[in-house]
Amino acid sequence: PRSTILGADIGSVSVALLEIDSDYHVERWDYRPHEGRVAEVLADMLAEWPLEQVRRVAATSSSPGVFRAPHRSDWITAHVAAQRVLAPDHNLLLVVGGERFALIQFDGSGHYHSSRGNSSCAAGTGGFLDQQSRRLGL
């Protein structure tokens, strides 16, 4: 069987799982709001996930200990790595989450240049984004 990597990003409003193969092709993904019930939502997602091919596990450093992963990356490193694979010709990456917004810049060769973002969570920002996403059918 093909070997895959299961990655998790558990943030302030959602749980995201992604499984990729050794060529970085997406095998499957799932994203669910957790409404503070992180362990329950994660357990539900993993119960539906075929884990036979998973050989490695990784997570963002913001993911709580309820998801155990031997490899953890900070959120900027994770986004930079994804950009290199998914959109190497793009020089800007806008990251929008429940707690933070950031603009990551790359130089003309696709290497990380800098990032700028909000300094702290504005109360209600994540809730506002969730509300507007639902209104737009996203």
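Rules of the game
Residues numbered from 1 in each chain as written. Predicted model: local features only at pLDDT ≥ 70, side-chain atom pairs only at ≥ 80, totals over all residues. Heavy atoms only, no water. Buried < 20%, exposed > 50% of the residue type's maximum accessible area, 1.4 Å probe, protein only. Helix = DSSP H or I, 4+ residues; strand = E, 2+ residues; numbered from the N terminus. Arc of directions from axis to C-beta. Contact = heavy atoms within 4.5 Å. Salt bridge = Lys/Arg side-chain N within 4 Å of Asp/Glu carboxyl O. Pairing = 2+ DSSP bridges. Axes fitted to C-alpha atoms, helices over the stretch in contact; angles between N-to-C directions.

(A) Structural context of helix 1 (residues 38–47). Of the residues making up helix 1, those classed as buried are Val 38, Val 41, Leu 42 and Met 45. Taken down its axis, helix 1 places every buried residue within 100° of arc, on the same side. Check the buried side of helix 1 and you find it contacts strand 1 (4–10), strand 2 (14–21) and strand 3 (26–33).

(B) Layout of the pattern of salt bridges. Here the structure, examined in full by the defined rule, presents five salt bridges. Across the pair Glu 40 and Arg 37 runs a salt bridge whose closest N-O atoms are separated by 2.9 Å. The partly exposed category is assigned to Arg 37, whose relative accessible area is 37%. Salt bridges here are not isolated pairs; linked through shared partners, they connect Asp 30, Arg 32 and Glu 48.

(C) Molecular detail of the sheet that holds strand 5 (residues 71–73). Ordered by their spatial adjacency, five strands build an open sheet running 3-2-1-4-5, and the pairing between neighbours is mixed. Each of the sheet's edge strands pairs with one partner strand only, and the pair in question is strand 3 and strand 5. Going across the sheet, the axis of each strand differs from the next one's by a mean of 20°, ignoring polarity. Summarising the sheet, strand 1 and strand 2 pair through seven bridges and their orientation is antiparallel. Counterpart to Ile 5 in the pairing with strand 2 is Ile 20.

(D) Spotlight on the pairing of strand 1. Within strand 1, five of the seven residues are buried, leaving the element largely enclosed by the surrounding structure. Two elements, strand 1 and strand 4 (residues 54–60), share five bridges in a ladder whose sense is parallel. Residue pairing for strand 4: Leu 6 is matched across the bridge by Val 57.

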